[in-house]
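Residues per chain are reported as follows:
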Amino acid sequence: MSAPRTDALPIVLIHGLWMTARSWDRWVEHYRAKGHEVIVPTYPGFEIEVEALREKPEIIAEATVPGTLEHLAEVIESLDRPPIIMGHSFGGTFTQLLVNRGLGAAAVTIDSAPPEGVRVNPPSQIKSLFPVLKNPANRHRAVGFTKEQFHYAFANTVSREESDAAYDRLHIPAPGSWVWAYGLIANWKPGHQETWVDYDLDDRAPLLFIIGGKDHLMPPAVIRSNAKKYRNSEAITDVYEFPERSHFTGVEPGWEQVADYALEWATTHARPVPA
C-alpha cells in the first residue's frame, strides 16, 4: 500500500443500513492507491465482523442515530484537516447531517436516504421497505432482508447469483426503529426530528448527490427532491445520475466509475484547507 500523499485530502467513507464498513473495501484500496488516507468508521458496536453481528442482532436494534452521529463527528474532528466525506444510503443522511455541522472540505452522497422534509415515496421504495414496515413490532427489532428482497431492493441490476453472493458476504439486519422513525414518521411529527438539516445554510462544504437511475430503494425522484431542498443555499450543490446503476452501485461491476467521479468532483470543489 502506498503512503498517503501530503497534498491529498483524507477521505471518510460512511456506510448505510443493511451494510457494514466491509461494503467499502474496494473503495478503500482504490483511494489509498491514489495516495489518500482513507478512514471507514462504523456505527458504535458494529466494529465486529459481519458474521458476528448477525449473531448479535441486539447490537443493531439498540443503535441510535444521535449516538452514531456523535461518533462519526468525533472521528472527523480528530483528523488534522477537514476530509472529503462520502456516504452511501443512510450514510448519505449522516453525510448531510455532518456537513450541516460545518464538517468536511467536500461531501458526496451516493443513493442517499433523505433527511427530514423529503416527502417523496415512489412505489419501488415502498416495496423495498415493506419487509420492515409491514409489522409495527419491527420498530424494536433488527430486521434483515431475505435474499429475494435484497435482490429487489439493493442489487436489481445484477444476476440473482451475483446478488446472493453479495448478500452472503455483506448483508446484516438494520435497526427497524430507524426505518420507522426516519423513513416513515419524521415528516409527520411536529418540530425538528433527529435527521433535520438546515437546507438554507450557506457556510457549508460543497455537496454532490449521486443517483442510481435504476435504484429501487432510493429512486431518482427521492434524491432529486432531497437535492432540491438546498436550492436557497449559496453553497455548491450538484446532482449526477448514473442511469443504469442500482442501490448497490458501490459494489456492482463498474463501481470504479462511480468512485472516480465522486473523488474528482470532491477534489475539484473542496473548500480550501485552513492555514
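Structure: see above.
Here the structure is a predicted model, which is why all the values come from computation and not from measurement.

Undergrad: So what exactly am I meant to see when it comes to the layout of surface pockets here?
TA: Picture a little ball the size of a water molecule; that probe, rolled over the atoms, points out where space is still empty. Estimated volume of the second largest pocket: approximately 180 Å³. Here the element with the most residues in the lining of the second largest pocket is helix H8 (residues 160-170); it accounts for six residues. Its residues assigned to classes, the lining of the second largest pocket comprises eight nonpolar, one polar and four charged.

Undergrad: Please explain the sheet that holds strand E4 (residues 106-110) as it appears in this structure.
TA: By definition, the strands of a sheet pair up through backbone hydrogen bonds, in either a parallel or an antiparallel sense. Taking strand neighbours across the sheet as the criterion, the six strands line up as E2-E1-E3-E4-E7-E8 in an open arrangement whose pairing is parallel. Each edge of the open sheet carries a strand with a single partner, namely strand E2 (38-39) and strand E8 (237-242). Taken together, the five bridges between strand E3 (residues 84-88) and E4 define a ladder with parallel strand orientation. Of the residues in E4, the one forming a bridge with Gly 87 is Thr 109.

Undergrad: Looking at this structure, how should I read helix H1 (residues 25-33)?
TA: Note: α-helices contain 3.6 residues per turn, so residues at a spacing of three or four share the same orientation. Among the residues making up H1, those that are buried are Trp 27, Val 28, His 30 and Tyr 31. Along the axis of H1, the buried positions cluster into a sector of 170 degrees, meaning they face one direction only. Every exposed residue of H1 that faces more than 90 degrees away from the buried side is listed here: Glu 29 and Ala 33. The inward-facing, buried residues of H1 contact strand E1 (11-14), E2, E3, E4 and helix H11 (255-269). Among the residues trailing H1, Gly 35 stands out with phi positive, at a value near 95 degrees.

Undergrad: Please clarify how the nonpolar core should be interpreted in this entry.
TA: Within soluble globular proteins, side chains that are nonpolar tend to cluster in buried spots. Trp 18, Phe 94 and Phe 154 are the most contacted members of the largest nonpolar core, which has 61 residues in total. Among the elements that make up this core, the one with the highest residue count is helix H4 (residues 65-77) (six residues). Once residues within four sequence positions are removed from consideration, Phe 94 is found in contact with Ile 14, Tyr 43, Val 65, Thr 68, Leu 69, Leu 72 and Trp 178. Val 38, Ile 84, Val 108 and Trp 255 belong to the second largest nonpolar core, which has 24 residues in total.

Undergrad: I tried to follow the pattern of salt bridges on my own but got confused; where do I start?
TA: When the charged atoms of two side chains lie near each other, side chains of opposite charge can form a pair. A full pass over the atoms with the stated rule returns 10 salt bridges. We note a salt bridge from Glu 70 to Arg 101, for which the minimum N-O separation is 2.4 Å. Of this pair, Glu 70 sits in helix H4 while Arg 101 sits in the loop between helix H5 (90-100) and E4, and the two are 31 residues apart along the sequence. Taking relative accessible area as the criterion, Arg 101 reaches 40% and is therefore assigned partly exposed. Its salt-bridge partner being Glu 244, residue Lys 214 comes within 2.7 Å of it at the nearest N-O pair. On the criterion of sequence distance, the pair formed by Lys 214 in the loop between strand E7 (207-212) and helix H10 (220-228) and Glu 244 in the loop between E8 and H11 is long-range, its members being 30 residues apart. Residue classification places Glu 244 among the exposed residues on the basis of a relative accessible area of 51%. One network of salt bridges, in which partners are shared, links Arg 22, Glu 49 and Glu 51.

Undergrad: Explain the packing of aromatic side chains to me, please; I cannot follow it from the model alone.
TA: Think of a pair of aromatic rings as described by two things: how far the centres are apart, and how the planes are tilted against each other in angle. Summed over the entire model, instances satisfying the criterion amount to 20 aromatic pairs. Judged by centre distance (5.6 Å) and plane angle (70 degrees), the rings of Tyr 43 and Phe 94 are edge-to-face. Here Tyr 43, found in the loop between E2 and helix H2 (50-55), pairs with Phe 94, found in helix H5; they are 51 residues apart in sequence, far enough to count as distant. Taking the relative accessible area as the measure of exposure, Phe 94 reaches 0% and is therefore buried. Pairing Phe 94 with Trp 178 gives two aromatic rings, centres 5.9 Å apart and planes at 75 degrees, and the pair type is edge-to-face.

Undergrad: Mind showing me how you'd approach the pairing of E3 here?
TA: Side-chain direction in a regular strand flips from residue to residue, so the side chains alternate between the two faces of the sheet. Of all five residues that make up E3, five are buried, and the element is covered over most of its length. Here E3 shows a buried face lined by Ile 84, Met 86 and His 88 and a second buried face lined by Ile 85 and Gly 87. The handedness of the E3 to E4 crossover, carried by H5, is right-handed.

Undergrad: Help me understand the side chain of Ser 112, please; the structure alone is not making it clear to me.
TA: Within the secondary structure, Ser 112 sits in the loop between E4 and helix H6 (123-133). One polar contact links the side chain of Ser 112 to the main-chain amide nitrogen of Thr 93, over a distance of 3.4 Å. A distance of 3.1 Å separates a polar atom in the side chain of Ser 112 from a polar atom in the side chain of Gln 96. When sequence neighbours within four positions are dropped, the list of residues in contact with Ser 112 reads Ser 89, Gly 92, Thr 93, Gln 96, Met 218, Ile 223 and Asn 226.

The rules behind these values
Residues numbered from 1 in each chain as written. Predicted model: local features only at pLDDT ≥ 70, side-chain atom pairs only at ≥ 80, totals over all residues. Heavy atoms only, no water. 1 Å grid on protein atoms, 1.4 Å probe; cavity = no way out; pocket = protein on both sides within 12 Å on 5 of 7 lines; lining within 4 Å. Points joined across faces, edges and corners; volume = space filled by probe spheres on them. Helix = DSSP H or I, 4+ residues; strand = E, 2+ residues; numbered from the N terminus. Nonpolar A, V, L, I, M, F, W, Y, C, P; charged D, E, K, R; others polar. Pairing = 2+ DSSP bridges. Buried < 20%, exposed > 50% of the residue type's maximum accessible area, 1.4 Å probe, protein only. Arc of directions from axis to C-beta. Contact = heavy atoms within 4.5 Å. Core = buried A, V, L, I, M, F, W, Y, C linked by side-chain atoms within 4.5 Å. Salt bridge = Lys/Arg side-chain N within 4 Å of Asp/Glu carboxyl O. Phe/Tyr/Trp six-rings, centres within 6.5 Å; stacked < 30°, edge-to-face > 60°. Right-handed = clockwise from strand over helix to strand, strands pointing away. Polar contact = N/O pair within 3.5 Å; in protein donor to acceptor, adjacent residues only side chain to side chain.

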